[in-house]
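Report on the structure
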Amino acid sequence: MLEDDVADGDGGEQDDAPVPDGGVLVLAATPIGNVGDASDRLRTLLATADVVAAEDTRRLRALAARLGVEVRGRVVSHHEHNEAARSDELLAAVAAGATVVVVSDAGMPAVSDPGFRVVGAAAQAGLRVTAAPGPSAVLTALALSGLPTDRFCFEGFAPRKAGERARALADLADERRTLVFFESPHRLADLLAAMAEAFGADRPAAVCRELTKRYEEVRRGPLVELAQWAADGHVRGEIVVVVGGAARPAVPDLATLVAQVRARVDAGERHKEVVAEVAAATGTPRRPLYEATLRPRP
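Overview of the structure.

Basis of the calculations
Residues numbered from 1 in each chain as written. Predicted model: local features only at pLDDT ≥ 70, side-chain atom pairs only at ≥ 80, totals over all residues. Heavy atoms only, no water. Helix = DSSP H or I, 4+ residues; strand = E, 2+ residues; numbered from the N terminus. Contact = heavy atoms within 4.5 Å. Axes fitted to C-alpha atoms, helices over the stretch in contact; angles between N-to-C directions. Parallel < 35°, antiparallel > 145°, perpendicular 65-115°, else oblique. Left-handed = near helix turned anticlockwise from the far one by under 90°. Nonpolar A, V, L, I, M, F, W, Y, C, P; charged D, E, K, R; others polar. Buried < 20%, exposed > 50% of the residue type's maximum accessible area, 1.4 Å probe, protein only. Arc of directions from axis to C-beta.

What to know about the side chain of Glu83
Looking at where Glu83 falls in the secondary structure, it is placed in helix α3 (residues 83–95). Contacts of Glu83, omitting those with residues within four sequence positions, involve His78, Pro114, Gly115, Phe116, Arg117 and Val118.

Next up, the structure:
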């Protein structure tokens, strides 16, 4: 965490004002399982917002009851089937000076959940957008996976159909960043088997289940073992799959590359073209390779 991100320029104190002034669209993260993870800011926003746009209004009211919060503002549905139509209504409220809070069933809105379209439209209209950050299944699973966290990409749900899924995974086979996926329990075994086929049976991975809940479980191991575990058992709950990135291919030493270049040149290929091709294929700097091939042969 950067100190500049938590301290102001006057006295080093954090600004704890939970509710923005004026018209604003707020993306508010909700617990992904454990209601104790709800922030005080979320509670305040739910209690004071003019409009709360919820993925499922019944779940929102149940969450508010568990938090001991009375939602006084207008509650409207905002899900994948009505997001395009609902966005104009929400933006009109923001433009009129209202605080509009967008929540999904769990985690941060707009991340594999409704919210993306309305944020884009608000930004295009020049309206203020902010976030009340909080729980994230993506980051929680990534942190618990034991896999590299410095570079990663989130892929959401893989395609349901086998052929489309195989093609999508094949496109990711050489991705060196850690990969994060969502998946449903009844499709988990098929996904892991397809990953073992596309990425290699020994590729390290982790299946994170029921994060922050009572029966939280993180299974780590090679894809082939995880696929067998999922096929043999009855996996339940919310699932996040984290897969290690592709290993960087080993680069042959310079003497081996020089021998490859000389063999192709001796066979009649053009020297500069061969050096360029070998350098590009192995990620080797071209100039040192070129100079090495000009040295007298032993």
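Re the packing of α3 against helix α4 (residues 116–124)
Where α3 contacts α4, the axes come no closer than 9 Å and their chain directions differ by 40°. In terms of orientation, α3 lies oblique with respect to α4. For the pair α3 and α4, the sense of crossing is right-handed. Taking contact as the criterion, the partners of Glu83, Ser87, Leu90 and Leu91 in α3 are, on α4, Phe116, Arg117, Val118, Ala121 and Ala122. A per-class count over the contact of α3 with α4 returns six nonpolar, one polar and two charged.

So, the environment of Ala137
Along the chain, Ala137 turns up in helix α5 (residues 137–145). For Ala137 and Glu291, which are 154 residues apart along the polypeptide, the C-alpha to C-alpha distance reads 51 Å. For Ala137, the residues in contact, after removing those within four places along its chain, are Ile32, Phe182, Leu211 and Val240.

Here's the deal with helix α11 (residues 286–294)
All buried positions along α11 are accounted for by Leu289, Ala292 and Thr293. Down the axis, α11 shows its buried residues gathered within 95° of arc, on one side only. Those residues of α11 that are exposed and angled more than 90 degrees off the buried face are Arg287 and Leu294. Here the buried face of α11 lies against α9 (254–266) and α10 (271–282).

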